[in-house]
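Secondary and tertiary structure notes
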Amino acid sequence: MPMPSILKLAAAAASFAAVGACTVAGPVPGTVEYAAATVSRAYDCGLPVDRSRILARLDRQDRPRFIAANAGYAVKSYKAPHRCEASERERIKGEIGALARR
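Rules of the game
- Residues numbered from 1 in each chain as written.
- Predicted model: local features only at pLDDT ≥ 70, side-chain atom pairs only at ≥ 80, totals over all residues.
- Heavy atoms only, no water.
- Helix = DSSP H or I, 4+ residues; strand = E, 2+ residues; numbered from the N terminus.
- Contact = heavy atoms within 4.5 Å.
- Areas by Shrake-Rupley, 256 points an atom, 1.4 Å probe, with all protein chains shown as cover.
- Core = buried A, V, L, I, M, F, W, Y, C linked by side-chain atoms within 4.5 Å.
- Buried < 20%, exposed > 50% of the residue type's maximum accessible area, 1.4 Å probe, protein only.
- Polar contact = N/O pair within 3.5 Å; in protein donor to acceptor, adjacent residues only side chain to side chain.
- Salt bridge = Lys/Arg side-chain N within 4 Å of Asp/Glu carboxyl O.
- Disulfide = S-S within 2.5 Å.
- Axes fitted to C-alpha atoms, helices over the stretch in contact; angles between N-to-C directions.
- Parallel < 35°, antiparallel > 145°, perpendicular 65-115°, else oblique.
- Left-handed = near helix turned anticlockwise from the far one by under 90°.
- Nonpolar A, V, L, I, M, F, W, Y, C, P; charged D, E, K, R; others polar.

Here's the deal with the overall build of the chain
The helix and strand tally for the chain stands at five helices and zero strands. Listing every helix and strand of the chain by position from the N terminus yields α-α-α-α-α. Within the chain, contacts between residues separated by at least 24 positions form 75% of all contacts whose residues are at least 6 apart in sequence. Just so you have it, the chain exposes about 7000 Å², and 65% of that area is on carbon and sulfur atoms.

Here's what the structure looks like:
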């Protein structure tokens, strides 16, 4: 008899873990939070970033969200590896350019 309840608990735990994994994946591309994460990662990679230009291109109501998210990512980046592979560096460089031209 105890087996079914253990299986239910295991299934519930697996479902919870799957939902948790969705939230850990990171910000969705195209969002202000994604732009902030990209800027933070560009700094980690040692790329030049014109943060004020990117900020100026955001809608006025999105700017506080960008600033808050960017500050949060900056704190996390102190603990993150600062090494970038060449492919990641080029991808980030392209995304930063697109954000600045938005």
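Re the nonpolar core
Judged by nonpolar contacts, the single largest core of 17 residues is most densely connected at V39, A42, I54, F66 and I96. Of all the secondary-structure elements, those providing two or more residues to this core are α2 (32-44), α3 (51-57), α4 (63-77) and α5 (86-101). Broken down by element, the residue count for this core peaks at five residues, all from α2. Here I54 is in contact with V39, V49, F66, I96, L99 and A100, once residues within four sequence places are set aside.

Some details on the environment of D50
In this fold, D50 is placed in the loop between α2 and α3. With a relative accessible area of 39%, D50 lands in the partly exposed category. Put simply, D50 and A100 are 50 residues apart on the chain and 7.4 Å apart in space, counted from C-alpha to C-alpha. Side chain to side chain, D50 and S52 meet in a polar contact 2.9 Å long.

Digging into the pattern of salt bridges
With the rule as written, the count across this model stands at five salt bridges. For R65, the salt bridge identified is with D62, shortest N-O distance 3.1 Å. Among the residues examined, D62 registers a relative accessible area of 16% and is labelled buried. Several salt bridges converge on common partners, so that one network encompasses E33, D62 and R65.

Details of the state of the cysteines
One pass over the structure, following the stated rule, counts one disulfide. The disulfide bridge from C45 ends at C84, spanning 1.8 Å between sulfur atoms. Of note, the bridge from C45 to C84 carries an S-S torsion of about -85 degrees and is left-handed in sense. Here the residue C45 occupies a position in the loop between α2 and α3, and C84 occupies one in the loop between α4 and α5, the gap between them amounting to 39 residues. Residue C45 is classed as buried on the basis of its relative accessible area, which comes to 8%.

Thoughts on the packing of α2 against α5
Running from amino to carboxyl end, α2 crosses α5 at an angle of 130 degrees, the nearest separation of the two axes being 10 Å. By the criterion of interaxial angle, the relationship of α2 to α5 is oblique. For the pair α2 and α5, the sense of crossing is left-handed. Contacts between α2 and α5 involve Y34, A35, T38, V39, R41 and A42 from the former and E88, R91, I92, E95, I96 and L99 from the latter. In terms of residue class, the contact of α2 with α5 is made up of seven nonpolar, one polar and four charged.

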